[in-house]
Amino acid sequence: MLAAQEQQRSSTFSEGEKVPARTWRNMPSFYNLTGSRCNGCSHLEFPKAAACRKCGSQDLSEHSFSGTGKIETYTIIRQPFNEEGMAEQLVCSSPYAIAIVRLDEGPMITAQLADCEAGEIAIGKPVKAVLRKISEGGDDGLIRYGYKFVLA
Amino acid sequence: MSRVAIIGCGMTSFGQQWDKGLVDLAVAASLRAMQDAGTESRIVDAVYCGNMSSGMFTGQEHISSMIADAAGLRMVPSTRVEAACASGAVALRQAFLAVKSGLHGCVLALGVEKMTDVSSTMSTRILSAASSQDYEASIGATFPGLYAMLARKHMDRYNTKEEQLAMVAVKNHDNALANPYAHLRKKISVDDVMQSQRIADPLKLLDCAPVSDGAAAVIVASEKIAGKADTPVWIEASAQSSDSISLHHREDLTTFKASACAAREAFRQARTGLNEIDCLELHDCFTIAEILALEDLGFAEKGSGGKMVEEGLTHVGGKIPANPSGGLKAKGHPIGASGIAQAIEATWQLRGTAANNTSPSKVLTHNVGGSGATAVVHIFGR
Ligand SMILES: [Zn+2]
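Just so we're clear, the structure is a prediction, and the values are computed from it rather than from any experiment.

Caption draft 1: Region of the structure containing the overall build of chain A. Within chain A one finds three helices and nine strands. Taken from N to C terminus, the helices and strands of chain A fall in the order α-α-α-β-β-β-β-β-β-β-β-β. Burial statistics for chain A: of 152 residues in total, 41% are counted as buried. Within chain A, contacts between residues at least 6 apart in sequence are counted, and of these 51% link residues at least 24 apart.

If you want it as structure tokens, here you go:
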């Protein structure tokens, strides 16, 4: 079974490129903000759902969000997340800001706010998604990329 | 259907206990509960053990059998249940259901967490596993961070003040002074809270429950067995509800819908209403959580929880005392043990032996898992 998984993965990526399954399967949502649209009731969700949370339909299509939205709420995290010796290290300033963003299409998403000072952040401010380093190290030693948001 | 009661309680003190491991704590609490029930351990038919993360905190899994064995309960079915910070109340509910069904007559429900064998940064990371690993924890949204965002939203929408959050901590520290089991028996002021180290704005160190080791256990028994006990305390309702694990999937960031839902079901089961409840043990892992709970359970109008605390209505001696034990905030919060410790406080309140006795006729306990993805409400009476 492991061999079959390896085979399937190696057919997706070029020779010599090794992407651990966890990072690989989350790529559409982390790189492209891919979620889902319900073909029954048009409800949008991020990340991709198996069944519509509004009407229960399993007839869903992929939907990539534009990445623009507004800050719904936020915090400045001042306690350390990284510690020397821990494999996985978050790539960010210290302290760093986390927000729940209401995307223009409706759904909310939790993300880091990058490139801003604590004093500039406020509920209701427009933001947009950017692709950034999220963490490095970890079990697989990879640099993990994904979305952060910046003030628009 | 016949009634179900708590007939025995036992707990360890909460705090940093470097000389005791996870099983030591669990067994100490369990033996005390059995002794308090006045039963021989052989009449315990089953064990439910609430624990969030023994694997990540200590490397040990399969603790249900280990604890049963060490407590002298070999051959008895022993099951671990996990619902993050609500693991304890979920274990109690499993015991309640097992007795209510008639399958078991006498069940040990316990909760335990050994948290201080890891660094504080590691415990921050372990606790964040109660939220979505992929979409919250691994991007740096710590647990205090999630509650901080709820606090920020509540302050923005309802004009709740940071000082009102601080008043929850001051009250619960006051209550813990008399509780010999409490982790933080230290009087604090609103200024102390406001000036304490900033953790995740607007939450500061003294807005947060401490990282504690500890265990708590109760003996849950059928009406037939409880009838022979001196002071049975009846479990009049046991209700549980679930919501999305991530805050970003909720409709409203100023409420825990699962708490409201579980409370509604609990009032239905107990055939009682808000006015008949006269003492509360609420899930105050952060000060904002106690304010949300007062509102979500119906004791305060939405948005007015902060004001209710400021007016002193939730003090011991007030209209509806909340967390006379000191709550998670000051009694301590060994994750898996907290839900059981709430039930013990309820039992002691109803027996009239609690440290801060409020002489209630009915006590409601409220235990939350994660940032509101699990909520459990129990109602106890004499
Ligand atoms: Zn739908």
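Don't stop here, the text continues.
Caption draft 2: Quick peek at the overall build of chain B. Within chain B one finds 14 helices and eleven strands. Taken over C-alpha atoms, the radius of gyration comes to 19 Å for chain B, in line with the 21 Å a tight globule of 382 residues would show. Expressed as lengths along the three principal axes of its C-alpha atoms, the size of chain B is roughly 55 × 45 × 40 Å. The burial tally for chain B puts 66% of its 382 residues in the buried class. In chain B, once contacts between residues fewer than 6 apart in sequence are set aside, the share between residues at least 24 apart is 76%. Carbon and sulfur atoms make up 48% of the accessible area of chain B, which totals about 13000 Å².

Caption draft 3: Structural context of the coordination of the zinc ion. All names here are of chain A. Here the zinc ion is held by the protein donor atoms Cys-38 (SG), Cys-41 (SG), Cys-52 (SG) and Cys-55 (SG), which lie 2.3 to 2.4 Å from it. Around the zinc ion sit four donor atoms, and with donor-metal-donor angles ranging over 101 to 114 degrees the site reads as tetrahedral. Motif for the zinc ion, donor spacing along one chain: C-x2-C-x10-C-x2-C. For Cys-38, a relative accessible area of 2% corresponds to the buried category.

Caption draft 4: Highlighting the domain arrangement of chain B. Residues and elements named next belong to chain B. Each assigned domain of chain B is listed with its residue range as follows: domain 1 (4-119 + 212-234) and domain 2 (132-209 + 236-381). Spacing between the C-alpha centres of domain 1 and domain 2 amounts to 23 Å. With 42 residues of domain 1 at the interface, the matching set in domain 2 holds 35 residues. Carbon and sulfur atoms make up 69% of the surface buried where domain 1 meets domain 2, a total of about 3000 Å² over both sides. When the buried area of domain 1 at its contact with domain 2 is split by residue, Met-11, Phe-14 and Cys-85 rank highest and sum to 23% of it.

Caption draft 5: Seen up close, the packing of aromatic side chains. A complete count under the given rule lists nine aromatic pairs over all chains for this structure. Ring centres of Phe-30 of chain A and Tyr-147 of chain A lie 5.7 Å apart, and the angle between their planes is 35 degrees; this geometry places the pair in the tilted category. Of this pair, Phe-30 of chain A sits in helix H3 (residues 27-32) while Tyr-147 of chain A sits in strand E9 (residues 144-151), placing them 117 residues apart in sequence. Each member of the pair, Phe-30 of chain A as well as Tyr-147 of chain A, is classed as buried. Ring geometry for Phe-143 of chain B against Tyr-147 of chain B: centres 5.8 Å apart, planes inclined by 50 degrees, an arrangement best described as tilted. With a gap of four residues between them, Phe-143 of chain B and Tyr-147 of chain B both fall in helix H6 (residues 143-158), about one helical turn apart. A relative accessible area of 6% places Phe-143 of chain B in the buried class.

Caption draft 6: Just the nonpolar core, in detail. Residues and elements named next belong to chain B. The biggest cluster of nonpolar side chains holds 65 residues, and the ones touching the most others in it are Tyr-147, Leu-280, Phe-299 and Leu-364. Top element by residues in this core is H6. It accounts for eight residues. Each residue touching Leu-280, except ones within four places of it in the same chain, is listed here: Leu-294, Phe-299, Ile-320, Pro-321, Ala-322, Asn-323, Pro-324 and Leu-364. One finds Cys-9, Val-220, Ala-341 and Phe-380 within the second-largest nonpolar core, a separate group that totals 38 residues.

Caption draft 7: Highlighting the confidence of the model for chain B. In the predicted model, chain B carries a mean pLDDT of 97, and 99% of its residues have values of at least 70. For this predicted complex, the interface score ipTM comes out at 0.96, while the overall pTM is 0.95.

Caption draft 8: Inspection of the pairing of strand E1 (residues 4-11) of chain B at higher detail. Residues and elements named next belong to chain B. The element E1 is extensively covered by neighbouring structure, given that eight of its eight residues are classed as buried. Where E1 and strand E7 (residues 214-222) come together, seven bridges link them in antiparallel fashion. The residue bridging Val-4 from the neighbouring strand is Ser-222, located in E7. Two elements, E1 and strand E8 (residues 233-242), share two bridges in a ladder whose sense is antiparallel. Looking at the pairing, Ala-5 lines up with Trp-234 of E8.

Caption draft 9: Layout of unusual backbone geometry. Between Phe-46 of chain A and Pro-47 of chain A the backbone carries a cis peptide bond, its omega angle lying at -10 degrees. As for its placement among the helices and strands, Pro-47 of chain A is situated in the loop between strand E2 (44-45) and strand E3 (60-64). In the segment running from Asp-201 of chain B into Pro-202 of chain B, the intervening peptide bond is cis, with an omega of 5 degrees. The phi dihedral of Leu-33 of chain A is positive, around 50 degrees, even though this residue is not glycine. With respect to the helices, strands and loops of the structure, Leu-33 of chain A is situated in the loop between H3 and strand E1 (34-38). With relative accessibility at 6%, the residue Leu-33 of chain A sits in the buried group. One non-glycine residue, His-62 of chain B, adopts positive backbone phi at about 55 degrees. By the secondary structure assignment, His-62 of chain B is in the loop between helix H2 (54-58) and helix H3 (63-70).

Caption draft 10: Representation of the packing of helix H7 (residues 162-176) of chain B against helix H11 (residues 287-296) of chain B within the structure. Residue and element names in this part refer to chain B. Relative orientation of the contacting elements H7 and H11 amounts to 95 degrees, with a least axis distance of 8 Å. When the axes of H7 and H11 are compared, the pair comes out roughly perpendicular. Of the residues in H11, those in contact with Gln-164, Leu-165, Val-168, Ala-169, Lys-171 and Asn-172 of H7 are Thr-287, Ile-288, Glu-290 and Ile-291. Counted by class, the contact of H7 with H11 contains five nonpolar, three polar and two charged residues.

Reading the values: rules and limits
- For every chain, the first residue of the written sequence is number 1, and numbering continues from 1 onward in sequence order.
- In the order they appear in the text, chains get letters beginning with A and ligands get numbers beginning with 1.
- In keeping with the predicted nature of the model, local features appear solely for residues at pLDDT of at least 70, side-chain atom pairs appear and are counted solely at 80 or more, and the whole-chain, interface and lining totals rest on all residues.
- Calculated side-chain values reflect all of the structure's heavy atoms, with hydrogen atoms and water omitted.
- Helix and strand labels come from DSSP, where a helix needs a run of H or I of at least four residues and a strand needs a run of E of at least two; each type is numbered from the N terminus.
- Here the term buried applies to any residue with accessible area under 20% of the maximum for its type, exposed to any over 50%, and partly exposed to those in between, with areas from a 1.4 Å probe on protein chains only.
- When checking whether two residues touch, look at their non-hydrogen atoms; a contact exists if any pair is within 4.5 Å.
- For the radius of gyration, the atoms used are the C-alpha atoms, and the globule rule reads 2.2 Å times the number of residues raised to 0.38.
- Areas reported as accessible are Shrake-Rupley estimates using a 1.4 Å probe. Residue values count occlusion only from the protein chains shown.
- Note: metal donors comprise N, O and S atoms at 2.8 Å or less from the metal (3.2 Å for Na, K and Ca); water molecules are not included, so apparent gaps in a site are possible.
- Any site counts as irregular unless it has four donors with all angles between 85 and 135 degrees, making it tetrahedral, or four or six donors with opposite ones more than 155 degrees apart and the rest between 65 and 115, making it square planar or octahedral.
- Segment limits for the domains were obtained from an automatic or database-derived domain assignment.
- Summed over both partners, the accessible surface that disappears when two parts come together, traced with a 1.4 Å probe, is what is meant by buried area.
- Note on ring pairs: Phe, Tyr and Trp rings are taken, using the six-membered ring of Trp, and paired if centres are within 6.5 Å. Classes follow the plane angle, with under 30 degrees stacked, over 60 edge-to-face and the rest tilted.
- The set of buried Ala, Val, Leu, Ile, Met, Phe, Trp, Tyr and Cys residues whose side-chain atoms join them within 4.5 Å is what this entry labels a nonpolar core.
- The predictor's confidence in any single residue is recorded as pLDDT, a number from 0 to 100.
- Two strands pair under a simple rule: DSSP has to find at least two bridges between them.
- Helix axes are fitted to C-alpha atoms over the stretch in contact, other axes to C-alpha atoms as well, and angles between N-to-C directions run from 0 to 180 degrees.
- In this scheme, roughly parallel covers angles under 35 degrees and roughly antiparallel covers those over 145, while 65 to 115 is roughly perpendicular and the rest are oblique.
- As a working rule, the residues Ala, Val, Leu, Ile, Met, Phe, Trp, Tyr, Cys and Pro are called nonpolar, Asp, Glu, Lys and Arg charged, and the rest polar, with Gly in that last group.

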